[in-house]
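Inside the fold
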Amino acid sequence: MFRCVWGIAVLLLVGCSHAPECRAHGGPQWSELRTPHFVIRTGLPIDVAGETALMLERAHAAVRTSFTELPPNAAPIEVLLLKNELEVQEFAGQHFITGVVGGDWRGPQLLLSADDYLSGARVDVPHLCQALALHFQQYAFRRMPRWFAIGFAAYLSSITIDPSTNTAYRGKMVRHFVDTLYRWGVLPMEALWKWDSPPRLSRESEVHHAVSAWVVVHYLENNKRAELDKFIADLQVGLPPSEAWALEFSGMSDAELRKAATDHFEGGQFTGQLIDLGTTPRIIGKRAISDAEVHASLARFANTMRDWERARRETKTALALDARLAEVQEAATLAEADQTRRLELARTFANAHPNDAIAHLLLALNLPRESAERVSELERAVLLDSNEAIALSELALSRLGQKQNAEAATLAERAATLAPFSARVLASFAEVLWATGKCPFAIAALERAIDFARGNEERVQKLIALKVKYETCAAPPATALR
């Protein structure tokens, strides 16, 4: 569905191996907890996992108030909840992070640490809020400069939550951020705008940029709220960030903004908002999961981070534990690099689990595009799950190839309604619109697909090439998007 992965910065390097493991290999019993907005898998004790799950729901309610334009009934977010940043860093193969925000073809995923290793806090609320802010930004903003993404997420990471009253407070100053600014000063906006460009900087410079971005956002929230809201609205509709900034903040020079942000944190004058979190969060399901499910989950998250070797290793372990499990067979299919072998595994998966929509979708995706069997497998997947957006969009392309344009348009539109932020689904919708002569709408859909494909440059370049084709608006043959 999307492949954008973000690292969440922390301020201390720690080394050691703290790999998450299942019970069969010396680890704890893992559990799955379901709440209204999350499916959480973790090896933490059930009481600790439950406490974190409820706080995650509260953080969701608090952060969500800053993204009111998003649909209220999004699919649950899958969370791999590890003990602390030591385990996250080992799993992600990176230092200075406490979590990773991303997703795969099934939907959004968060890799998070539960407690704060540095402070000893049992639940790491700032990083839960930051992860959710980064997650929501992927959908809320079609275009997003890096400085604003990090600065706004840091601003929301300062949210504090009071479980006794089920309220939160947004907008406080963060002491260690302020200390950093006293030491290094606020970077000019020119430096923040250049932060979008690789190569990435040193750890100290990255922190300096992040904290400078935070104080700029903090200043704007407190002193330029109307202009900031307009800037955010511009990013949501896809206006290029530099143009949006010039449009809303042209009356303030970079030097004036830098001085105003400096005076803002030095003066310590700011306001915040008390947030009513609504209904008390609840856990709606708990179950122990098998060791094979643990390693299938680890494989899936490794795939999200493009750690193909680890994904294959975790999949091999899962197969050794229980090769019959649907989740394991899915992981094995996705991990297989050889196309012929992958088709065999997908067929075995679909035969073993005839009522699993994902099994039939995976088989369809591994069959030749023009084959009748592919179409029947897509039809089967849609029959089993009428809300499976990828199956709907792929079936729309197949109907297009069969000259059934009216049905293709209906299927593609439904898929885009179900997955309005999926670059893949939007690109399929654009292809159907173009093939049926609706060129301006096709270009608009493709532009949205390009914006939401950010982070996957190969995909972006393919979509840009398609846009050139669409702009000619020649009468096209009914061909499917590859």
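Residues numbered from 1 in each chain as written. Predicted model: local features only at pLDDT ≥ 70, side-chain atom pairs only at ≥ 80, totals over all residues. Heavy atoms only, no water.

1. With respect to the overall build of the chain
The helix and strand tally for the chain stands at 21 helices and 10 strands. Rg of the C-alpha trace for the chain: 23 Å, near the compact-globule value of 23 Å for 482 residues, within the 12% margin. Once the C-alpha set of the chain is aligned to its principal axes, its extents read approximately 70 × 60 × 45 Å. For the chain, with 482 residues in total, the buried portion stands at 54%. Taking the contacts inside the chain whose residues are at least 6 apart along the sequence as the reference set, 67% of them involve residues at least 24 apart. Approximately 20,800 Å² of the chain is accessible, and the part contributed by carbon and sulfur atoms is 54%. Averaging the locations of the 52 positively and 58 negatively charged side chains of the chain gives two centres separated by 2 Å. (Helix = DSSP H or I, 4+ residues; strand = E, 2+ residues; numbered from the N terminus. Rg over C-alpha atoms; globule rule 2.2 N^0.38 Å. Buried < 20%, exposed > 50% of the residue type's maximum accessible area, 1.4 Å probe, protein only. Contact = heavy atoms within 4.5 Å. Areas by Shrake-Rupley, 256 points an atom, 1.4 Å probe, with all protein chains shown as cover. Lys, Arg positive; Asp, Glu negative; His and termini not counted. Charge placed at Lys NZ, Arg CZ, Asp CG, Glu CD.)

2. Describing the confidence of the model for the chain
Detail in the predicted coordinates should be disregarded across regions flagged by low pLDDT. The predicted model of the chain has a mean per-residue pLDDT of 89, with 93% of residues at 70 or higher. Predicted confidence is poor over residues 1-17, with pLDDT under 50, and the contacts of this stretch with residues over four places away or in other chains come to 65 contacts. Contacts from residues 478-482, a stretch scored under 50 in pLDDT, to residues over four places away or in other chains number 18 contacts. (pLDDT = per-residue confidence, 0-100.)

3. Describing the pairing of strand 5 (residues 97-103)
Taking burial as the measure, the seven residues of strand 5 include seven buried ones, the bulk of the element. Relative to strand 6 (residues 108-113), strand 5 runs antiparallel, the two sharing five bridges. Bridging across to strand 6, Gly102 finds its partner in Gln109. Counting the residues between successive antiparallel strands, the hairpin from strand 5 to strand 6 contains four residues, one of them, Gly107, with a positive phi of roughly 155°. (Pairing = 2+ DSSP bridges.)

4. Looking at helix 11 (residues 291-304)
Given 3.6 residues per helical turn, the α-helix brings residues three or four places apart onto the same face. With 14 residues, helix 11 should reach 20 Å at 1.5 Å per residue; the first-to-last C-alpha distance of 20 Å fits that figure. Most of helix 11 is tucked away: 14 of the 14 residues are buried. The positive-phi residue at the C-terminal boundary of helix 11 is Arg306, with phi of around 60°. (Expected span 1.5 Å × (residues − 1).)

5. Brief notes about helix 4 (residues 146-157)
For helix 4, which comprises 12 residues, the first-to-last C-alpha distance of 16 Å matches the rise-based estimate of 16 Å (1.5 Å per residue) to within 8%. For helix 4, the tally of buried residues reaches 12 of 12 residues, placing the bulk of the element in the interior.

6. Re the pattern of salt bridges
Under the counting rule described, the total for this entry stands at 35 salt bridges. Ionic pairing is found between Asp322 and Arg324, a salt bridge with its closest N-O pair at 3.5 Å. One network of salt bridges, in which partners are shared, links Glu32, Arg34, Arg41, Arg287, Glu293 and Glu327. (Salt bridge = Lys/Arg side-chain N within 4 Å of Asp/Glu carboxyl O.)

7. Looking at the side chain of Glu87
As for its placement among the helices and strands, Glu87 is situated in helix 2 (residues 85-92). In this structure the side chain of Glu87 is engaged in a polar contact, spanning 3.1 Å, whose partner is the backbone nitrogen of Lys83. (Polar contact = N/O pair within 3.5 Å; in protein donor to acceptor, adjacent residues only side chain to side chain.)

8. A few points about the environment of Asp234
With respect to the helices and strands, Asp234 occurs in helix 8 (residues 225-237). Through-space distance from the C-alpha of Asp234 to that of Leu257 is 20 Å; in sequence the pair is 23 residues apart. Aside from chain neighbours lying at most four places away, what touches Asp234 is Leu239, Ala244, Leu247 and Glu248.

9. Observations regarding unusual backbone geometry
Trans peptide bonds make up the majority, and among non-glycine residues the majority have a negative phi. Here the phi dihedral of Arg306 falls at roughly 60°; this positive angle occurs in a residue that is not glycine. Within the secondary structure, Arg306 sits in the loop between helix 11 and helix 12 (308-321). Of note in this structure, Lys403 is not a glycine but carries a positive phi near 65°. Mapped onto the elements, Lys403 comes out in the loop between helix 17 (389-401) and helix 18 (405-418).

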